Amino acid sequence: MSEDTDKDEGKGHDLFSPRDGKEDQCDADGTNHDTTPLIEGKSSMFVCRYVYVSHFLSAWGARMWQFGAGLFLVIINPDSLLLTAVYGFVMGASMLLFGPLVGDWVDRTPRLSAARSSLVIQNLSIALCSLVVYFVIQYRSEIETEWPNNALLTLCYGIIILISTIAQLASSGNTIAVEKDWIVEICGSDTDLLASTSAILKSIDLITNIVAPIVTGQIMGFASTEVGALFIGGWNIVSVFVEYYLLWKVYNVVPALRAKKEQCRVDKERDQSSGSCTSCMKGMLGSFVTLARGWKTFMSYDVAFAGLGLAFLFMTVLGFDNITVGFAYTQGVNESVMGALMAAGAVVGILGTIIYPRMRKLVGQQRTGLYGLLFQTLFLTLCVASVWAPGSPFDLSYAEKESGTLAELNSTEEQFSFNMTIHESKMLSNSTLTPVEKTWKDYVSIGLLMTGIIGARCGLWMADLTITQLFLETVIEKERGIVFGVQNSLNQLMDMLKFIMVMVAPQPEVFGVLVLISFAFVLIGCLLYAKYSHSVRGHLFHAFDKLNALKHNRSKIHCSPTIMLRTTKAIQTWHNKQ
């Protein structure tokens, strides 16, 4: 590098992006229109490979933790799904409240510092949380008796959820910093390279979403849960050094990344007009403010009902989240099988993305969404059937039985102690002589549930892509931000409502009620989308439209005076000839 270039770097400039001493020009939306070359001595495609490897390592560690977290929480608290529901609710609420603040912090922080901080916090938080999980599982009996009323165990629960939340926010910051900012600067004005780079990053996410659960499940299934926790933690500790080294290499060969971020006029005016506390509160409540202010704009579009239908699909336990993973584990599905099932669901979802563009060309955009939702609903009927299938734990009288048992125990404590001693000895002898083994009938219910969830992924992804495309085609450019902001807020609120529902009824015995409620919300989502499709096209399917047209034409034939007159004359002529 030349001496002049070194001098310019200190000011955030370089010979490869000359600005003639002027500051970066940006519009009100913060878009930088500088299209000068970006790479020093290496091609953009070569530099992107560093980003791909770093992203793969980061995504792999995150996917392993996402899969393992649901299992860890159920193993720690096997009696109910309450801890898993609280975990999911806190994660969703933290993203809703603090997500805008994380994005604002990334915008105001130098690029390398933002990427380094978010990367280190994410990996070390996952490693620390995995270590806490290991100690809780390994020394649970000692932890329960250390403090009265299981206070230390409850504290461990809180620590796990808190650290996981920090890791999730850091992961969001890393995604914004690298995928939404670095990639744009690396590709510069080459939009084709930007599109291909984004597609490759998405493909890496899908591949890790398929393979990581399988590998993690095999480790936990054939070794132990404790070994699985240590493996996840160790992976994140080792990979953080490799990930940062790769990003550092990219930073050093792309001058645009070393250039100082310039604040646009809108950001400067906001800083001058509001204090830090006010700005922080606005950031925390950003999603709710967006939802309140943008609701009128959102509902002014016909496609809003399709968006509402998509939001209702988030209020369901019929998906591969921590709730379903935890419930499947309570029904005897081990870690390795669960990882394979999650991978199968991801493959079926990818199949939906392959079918979507082809079906769109054959039947059109709106009807593709209808077929996708219909396909999803048909498979989810298997989940409804699983509620009453053999092996289902569904029992609405579970709470009454539990309360009756507790009352009986409290009233006959001495007799209970005597009977319990006899009962324990009988159980011990029976378990020694005839161990209880599950038959294939015990897995019919969970098999139907998993089959329905896996099959529904194809239709779900088709409907998701359809509705997203409809918004992109319908919403005008200047209102896209507020409309998509409202849609994201609705999705997150419905997702949080799902976790609240599970917290109200966390027992596996009443999980069937959650399945039925979830199926009802999916049906409501289908009806909302059908309302949109009917309002735009005038009908739902061509078959119904053709039947109505045929009936209309028949009524015209019967009531037409011309046809009746000709028919009468023909009859009279035939009668005269006779």
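A brief look at the structure comes next.

### So, the overall build of the protein chain
Here comes step 1: Counting secondary structure elements, the protein chain contains 23 helices and zero strands.
Here comes step 2: Burial statistics for the protein chain: of 578 residues in total, 43% are counted as buried.
Here comes step 3: Accessible surface, the protein chain: about 30500 Å² in total, of which carbon and sulfur atoms supply 63%.

### Some remarks on the side chain of Gln 365
Here comes step 1: Topologically, Gln 365 is positioned in helix H16 (residues 365–386).
Here comes step 2: There is a polar contact of 2.9 Å between the side chain of Gln 365 and the side chain of Tyr 356.
Here comes step 3: Not counting residues within four places of it along the chain, the set of residues in contact with Gln 365 comprises Tyr 356, Arg 360, Leu 465, Thr 466, Gln 469, Leu 470, Glu 473 and Tyr 529.

### Structural notes on the environment of Met 95
Here comes step 1: Relative to the helices and strands, Met 95 resides in helix H3 (residues 82–108).
Here comes step 2: Taking C-alpha positions, Met 95 is 8.6 Å from Gln 492, a pair spaced 397 residues apart along the chain.
Here comes step 3: In this view, Met 95 contacts Pro 100, Gln 168, Leu 169, Ser 172 and Gln 492; residues no more than four positions away in its chain are not counted.

### Quick look at a nonpolar patch on the surface
Here comes step 1: A cluster of nonpolar side chains, Val 120, Leu 124, Ile 237, Val 238, Phe 241 and Val 242, forms an exposed patch at the surface whose accessible area comes to about 530 Å².
Here comes step 2: For the nonpolar patch, the secondary structure elements donating two or more residues are helix H4 (111–138) and helix H8 (225–253).
Here comes step 3: Among the elements that line the nonpolar patch, the one with the most residues is H8, at four residues.
Here comes step 4: Topologically, Phe 241 is positioned in helix H8.
Here comes step 5: The class of Phe 241 is exposed, set by a relative accessible area of 61%.

### A short note on helix H14 (residues 322–330)
Here comes step 1: Of all nine residues in H14, seven are buried; the element is thus mostly enclosed.
Here comes step 2: Restricting attention to buried positions, one finds in H14 the residues Asn 322, Ile 323, Thr 324, Val 325, Gly 326, Phe 327 and Ala 328.
Here comes step 3: Residues of H14 that are buried in the fold lie against helix H2 (44–76), H3, helix H15 (335–363), helix H19 (444–474), helix H20 (480–504) and helix H21 (511–537).
Here comes step 4: Following H14 by one or two positions, Gly 332 adopts a phi angle in the positive range, close to 95°.

### Considering the packing of helix H6 (residues 151–187) against helix H7 (residues 191–222)
Here comes step 1: Packing of H6 against H7 leaves a shortest axis separation of 9 Å and a crossing angle of 145°. Relative to H7, the crossing made by H6 is right-handed. Across the interface between the two elements, Glu 179, Ile 183, Val 184 and Cys 187 from H6 touch Leu 193, Leu 194, Thr 197 and Leu 201 from H7.
Here comes step 2: Tallied by class, residues from the contact of H6 with H7 come to six nonpolar, one polar and one charged.

### Quick notes on unusual backbone geometry
Here comes step 1: Positive phi is not limited to glycine here, since Asn 149 has a value of about 60°.
Here comes step 2: Position of Asn 149 relative to the elements: it lies in the loop between helix H5 (140–146) and H6.
Here comes step 3: With a phi close to 55°, Asn 150 is a non-glycine residue in the positive phi region.
Here comes step 4: Tracing the chain through its elements places Asn 150 in the loop between H5 and H6.
Here comes step 5: Accessibility expressed as a relative area gives 34% for Asn 150, which makes it partly exposed.

### What about H15?
Here comes step 1: The end-to-end C-alpha separation of H15 is 41 Å, in line with the 42 Å expected for 29 residues at 1.5 Å each.
Here comes step 2: Bending of H15 peaks at approximately 30° at the position of Tyr 356, with proline Pro 357 no more than four residues after it.
Here comes step 3: Within two residues after H15, Gly 364 carries a phi angle of roughly 100°, on the positive side.

### Describing the side chain of Ser 172
Here comes step 1: As for its position among the elements, Ser 172 is in helix H6.
Here comes step 2: A relative accessible area of 17% means that Ser 172 is categorised as buried.
Here comes step 3: Discounting chain neighbours no more than four positions away, the residues touching Ser 172 are Met 95 and Val 102.

### Thoughts on the nonpolar core
Here comes step 1: In terms of nonpolar packing, the biggest core is built from 99 residues, with Trp 65, Met 338, Leu 449, Met 450 and Phe 511 touching the most fellow members.
Here comes step 2: Broken down by element, this core gets its largest block of residues, 13 residues, from H19.
Here comes step 3: Setting aside residues up to four positions removed in sequence, Met 450 forms contacts with Phe 320, Thr 324, Ala 328, Met 338 and Leu 341.
Here comes step 4: With 23 residues, the next largest nonpolar core counts Tyr 52, Trp 182, Val 240 and Val 254 among its residues.

### Some remarks on the packing of aromatic side chains
Here comes step 1: Tallying each qualifying case throughout the model produces 16 aromatic pairs.
Here comes step 2: Here Trp 60 and Trp 235 contribute two aromatic rings whose centre-to-centre distance is 6.1 Å and whose plane-to-plane angle is 40°, an arrangement assigned as tilted. Of this pair, Trp 60 sits in helix H2 while Trp 235 sits in helix H8, and the two are 175 residues apart along the sequence.
Here comes step 3: The exposure class of Trp 60 is buried, given its relative accessible area of 10%.
Here comes step 4: The exposure class assigned to Trp 235 is partly exposed, which follows from its relative accessible area of 25%.
Here comes step 5: Taken together, Phe 56, Trp 60, Phe 231 and Trp 235 form an aromatic cluster joined through their ring pairs.
Here comes step 6: Against the face of Phe 499 rests Lys 498, its NZ or CZ located 4.5 Å from the ring centre.
Here comes step 7: In this structure, Lys 531 is placed above the aromatic ring of Phe 305, and the distance from its NZ or CZ to the ring centre is 4.1 Å.

Reading the values: the criteria
Residues numbered from 1 in each chain as written. Predicted model: local features only at pLDDT ≥ 70, side-chain atom pairs only at ≥ 80, totals over all residues. Heavy atoms only, no water. Helix = DSSP H or I, 4+ residues; strand = E, 2+ residues; numbered from the N terminus. Buried < 20%, exposed > 50% of the residue type's maximum accessible area, 1.4 Å probe, protein only. Areas by Shrake-Rupley, 256 points an atom, 1.4 Å probe, with all protein chains shown as cover. Polar contact = N/O pair within 3.5 Å; in protein donor to acceptor, adjacent residues only side chain to side chain. Contact = heavy atoms within 4.5 Å. Patch = residues over 30% accessible without salt bridge, like charges linked within 9 Å, V, L, I, M, F, W, Y side chains within 5 Å. Salt bridge = Lys/Arg side-chain N within 4 Å of Asp/Glu carboxyl O. Axes fitted to C-alpha atoms, helices over the stretch in contact; angles between N-to-C directions. Left-handed = near helix turned anticlockwise from the far one by under 90°. Nonpolar A, V, L, I, M, F, W, Y, C, P; charged D, E, K, R; others polar. Expected span 1.5 Å × (residues − 1). Bend = angle between axes of the 7 residues up to and from the residue. Core = buried A, V, L, I, M, F, W, Y, C linked by side-chain atoms within 4.5 Å. Phe/Tyr/Trp six-rings, centres within 6.5 Å; stacked < 30°, edge-to-face > 60°. Lys NZ or Arg CZ within 6 Å of the ring centre and 35° of its normal.

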